Each structure stands twice: as C-alpha cells, then as structure tokens.
Amino acid sequence: MKKNATFDIPEGQYYLCGHSLGPASKQAVASLQQGLQGWQQDKVKGWSTQFWLDLPEKLGKALAPLLGAHSDEEIVADSTSVNLLKCLLTALTINHNRKIILTENDNFPADRYIAHSLSAIDENITLKSVTAPELVDALDDSVAVLMLTHVNYRNASQHDMAMLTQKAHALGVIVVWDLSHSVGAMPLHCSLLGVDFAVGCTYKYVNGGPGSPGFIYVARKHHNQTPVIKGWMGHISPFAFAQVYQKAAGIKAYLTGTPSILSLKALEGALAVFRDVDLEQLREKSMVLSQQLIDNIDSCVPQLTLVSSRDPRARGSHVAYSHPFADKIVTDLIANGVIVDYRAPDLIRFGIAPLYIDGHDIEKAVQILVKSMC
Ligand SMILES: Cc1ncc(COP(=O)(O)O)c(C=O)c1O
C-alpha cells in the first residue's frame, strides 16, 4: 500500500534520501509514460507533433518560481557539471582581465574538477580555494568569479547568498551559485539578488528522476553575451544547419545538443507537483521536521555526533551525523526500511523533504535507528 497520494513510497518505508534522489511522483510517471507513447506512435515525427524541442524552455519557465527568477532566465539542459562549465567560461569572458575563480575548500568535488579543468585551456586561470569563513576576506578585485554551492552536500551548511553576492558584486566579481541542494527545498531569490549565473540538479528535491537534466540560470543582464560553448541547439536557427554560428536570443543560447526528451518528460510531471506548493511553508515544515529528528536523536541516540548546524537557518534540508561505524548503521537502516545515505568516511545523511515525509516518518526512523544501535 502507498502512504502518500502523490509519491510512490510503500507503507513501512521511510524515505529520507531526497537530498540524493527524489522519489517518483504520480505526475512524473504519467508524464514519462505519455512521452513513451509519443515516441512509440510518432517516432521521428514526434519532434514536431509532440513539441519535444520546446521542453527545455518550457521546463525552465516551470522552474522559475523555484529559483525566484524571471521566467526567461533559466533553461533545463545537460548536467549540472556541464552547465557549470558553460557558466564559468562565459563569466571568465565577461571578466576577461581577471583569472581567479574563488571557491571554498569543501565545495562539491565535481565543481572543483570543472573549475580546475579550465586551467588546461588557459594556464593563467587558477582556482583559489579557502575555508568558508575566509571567503569574504579572499574576495578582491583580482577575482573573476565566485563559485559556490549554496548548501553543502556533506554537513548541509548554508551560505548567506545575499551577503556574498552583494560583496562580490561590489568588487566586480561575477557570482555562480550551484543550487543543487537548495532548489525544491526552500525559496530562492536569484533575480532579486542579482545573481549572475546559477546551476543545479533536478533529481534531488525536484524529484525529476535518476539523471534528470540540470538547469542553467543566466541573469537577463548577461543575455547579450555570446556563450563560449556554442551548441547547435543554441543557434538562432538550428535546422538551417548554417556554417556560421549565430546565437539564439536570450537563455536559449545556453542550449548545447539534442535534449534528453524522456528525462525531460519525467521532469515535466515532477515540476507539476510544485504548482500547488508554497515554498515558504515547505521550508518551514522541513525545519520543524529536522528539529524533531535532532531532538529525538539527542535524547535517544547520543552516540551519533551532529555535524550539521543546530541553527535551522544555517542548514539546508538534510541533517548529517558522524559515527565511526556510519556505513554499517546506514546498511542496517536501509535493511529496515529507513532509506538514508552514507558519505565516507563517517557521515550519515538524513534528507528531510516534507513533500513526502512527516513527523511519523521521523519518529519511526529514530525508533529503527535506536534498535540498530543496540
Ligand atoms: C552540489 C552538486 N553539484 C554538482 C553535482 C553534479 O551534478 P551532475 O552529476 O548532474 O553533473 C552534484 C551531484 O550530486 C551536486 O550535489
């Protein structure tokens, strides 16, 4: 039996892993099935009869409220890593007299790899890495780009996006935010804050499905800039197959190759769920549930060490604990229906996504945790 009208989670399972892969909603499954039918029936004609090529932009518009952005500032395409590369290259072109990308030591490794790989194109480009508290002092007018992940994938610590964006801008630094662990979990305000670029995953709190495409947000003020990666789908007229590149207007210029239609169809359904969601309330509920988890673990499982902040506003939507036998604990929890994950060497991450978990899930998860610690 299913315990939630929207999501496919069986009775007896406590799904605390939305920070990694969100579950399937009925809407996502229905939309994916519709995509499959369109392919079966229409085959190549589907490109026109099913309006597949409209999906990246259409889903960008559907994602806009989640990013707090204008509806023409984001598009769904490629992976987060590839989108990050596109943003960094364009940002470095805008700030072409500067060569430093500033980040924090604990940024997501994939983001650091991408930034490092730019040195292969231009050996003067360097990735400068400092601790989170050192970021403000490390910002100066030699920095081209500030590249940060809003919510840390390990301890869920959350940067002050408004403050850092403002400090960076005051020094002429372009900001690129990775919102992978924020989007769909809390309200965001990209346009209001004047964020230059942002990227992120849609398979975590947006529940788009395994490997669902990433998004790229580019502020209107940069839409005239020609992207460094000139994809044929970002051409003003892709099917003219012109020898000379001419960029499409606006955010479409950030498309590269053929979109992953079936993944986009699943994501289309997943995003429909958010039409009725108040992100302020969602975030509020996530903080209440996280507090319940922390209180219960404080009193029942003191062997675990909280590595996330106790201040809910300084955290994202997961809560992380450390324990020397974290991998064994996670294996036991999963075997008993509590789906969490492990990050080496000693972290247990509990994802709190109130679209499909409630106080009962937290209570049961902690009861099962207590048993597995005995
Ligand atoms: C914060 C963050 N950035 C980037 C990525 C990489 O995303 P992708 O593999 O879709 O490129 C991930 C993946 O989990 C992530 O958590």
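The shown structure was predicted, so the numbers you read here are calculated from the model rather than taken from an experiment. (Residues numbered from 1 in each chain as written. Predicted model: local features only at pLDDT ≥ 70, side-chain atom pairs only at ≥ 80, totals over all residues. Heavy atoms only, no water.)

S.K.: Please clarify how the site of the ligand should be interpreted in this entry.
M.R.: By nearness alone, every residue bordering the ligand is listed as Ser79, Thr80, Ser81, Phe108, Asp111, Thr149, Asp178, Ser180, His181, Cys201, Tyr203 and Lys204. Separating an oxygen atom of the ligand from a side-chain N or O atom of serine 81 is a distance of 2.6 Å. One of the side-chain nitrogen or oxygen atoms of aspartate 178 is found 2.6 Å away from a nitrogen atom of the ligand. Coverage of the ligand by the protein chains reaches 83% of its 400 Å² of free accessible surface. (Near = heavy atom within 4 Å. Polar contact = N/O pair within 3.5 Å; in protein donor to acceptor, adjacent residues only side chain to side chain. Areas by Shrake-Rupley, 256 points an atom, 1.4 Å probe, with all protein chains shown as cover.)

S.K.: In this structure, what is going on with the pattern of salt bridges? I would like to understand it.
M.R.: For side chains bearing opposite charge, pairing can occur when the charged atoms are close. Applying the stated criterion to the full structure yields 11 salt bridges. The partner of lysine 99 in a salt bridge is aspartate 122, with the nearest N and O atoms 3.0 Å apart. Note that lysine 99 is positioned in the loop between helix H4 (80–94) and strand S3 (100–104) and aspartate 122 in the loop between helix H5 (109–117) and strand S4 (126–130), a separation of 23 residues in sequence. Taking the relative accessible area as the measure of exposure, lysine 99 reaches 30% and is therefore partly exposed. Looking at aspartate 122, the relative accessible area reads 18%, which means it is buried. The partner of glutamate 268 in a salt bridge is lysine 265, with the nearest N and O atoms 2.8 Å apart. Highlighted residues: glutamate 268 and lysine 265, both in helix H9 (residues 261–273), separated by three residues, approximately one helical turn. In this structure, glutamate 268 and lysine 265 share a single accessibility class: buried. A cluster of three or more residues bridged by salt bridges with shared partners is formed by Lys58, Lys265 and Glu268. (Salt bridge = Lys/Arg side-chain N within 4 Å of Asp/Glu carboxyl O. Helix = DSSP H or I, 4+ residues; strand = E, 2+ residues; numbered from the N terminus. Buried < 20%, exposed > 50% of the residue type's maximum accessible area, 1.4 Å probe, protein only.)

S.K.: Mind showing me how you'd approach the sheet that holds strand S13 (residues 347–351) here?
M.R.: Spatially, S9-S10-S13-S12 is the arrangement adopted by the four strands of the open sheet, whose pairing is antiparallel. If you trace the sheet from one side to the other, it starts and ends with strand S9 (305–306) and strand S12 (341–343), each paired once. Bridge count between strand S10 (residues 318–322) and S13: five bridges; the pairing is antiparallel. Bridge pairing in S13 links tyrosine 321 to isoleucine 348. (Pairing = 2+ DSSP bridges.)

S.K.: Please clarify how the packing of aromatic side chains should be interpreted in this entry.
M.R.: The relation between two aromatic rings is expressed through the spacing of the ring centres and the mutual angle of the planes. This model, assessed by the stated rule, comprises eight aromatic pairs. Both rings, one in tyrosine 15 and one in tyrosine 356, keep their centres 6.1 Å apart while their planes meet at 55°; by these two values the pair is tilted. One end of the pair, tyrosine 15, is in strand S1 (residues 14–15); the other, tyrosine 356, is in the loop between S13 and helix H12 (359–373), and 341 residues separate them in sequence. For tyrosine 356, a relative accessible area of 4% gives the class buried. (Phe/Tyr/Trp six-rings, centres within 6.5 Å; stacked < 30°, edge-to-face > 60°.)

S.K.: Would you mind going over the sheet that holds strand S7 (residues 197–200) with me for this structure?
M.R.: Strand pairing within a sheet occurs via backbone hydrogen bonds; the two strands may be parallel or antiparallel. The strand order S2-S8-S7-S6-S5-S3-S4 describes an open sheet built from seven strands, whose pairing is mixed. In the strand order of this sheet, the two ends are held by strand S2 (74–76) and S4, each with one partner. Across the sheet, the mean angle from the axis of one strand to that of its neighbour is 20°, orientation sign disregarded. Of the pairings in the sheet, the one linking S3 to S4 comprises five bridges and is parallel in character. Within S4, the position partnered with glutamate 104 by the bridge is valine 130. Of the strands in this sheet, strand S5 (143–149) and strand S6 (174–178) touch helix H7 (residues 161–170), which is tilted by about 155° from S6. (Axes fitted to C-alpha atoms, helices over the stretch in contact; angles between N-to-C directions. Contact = heavy atoms within 4.5 Å.)

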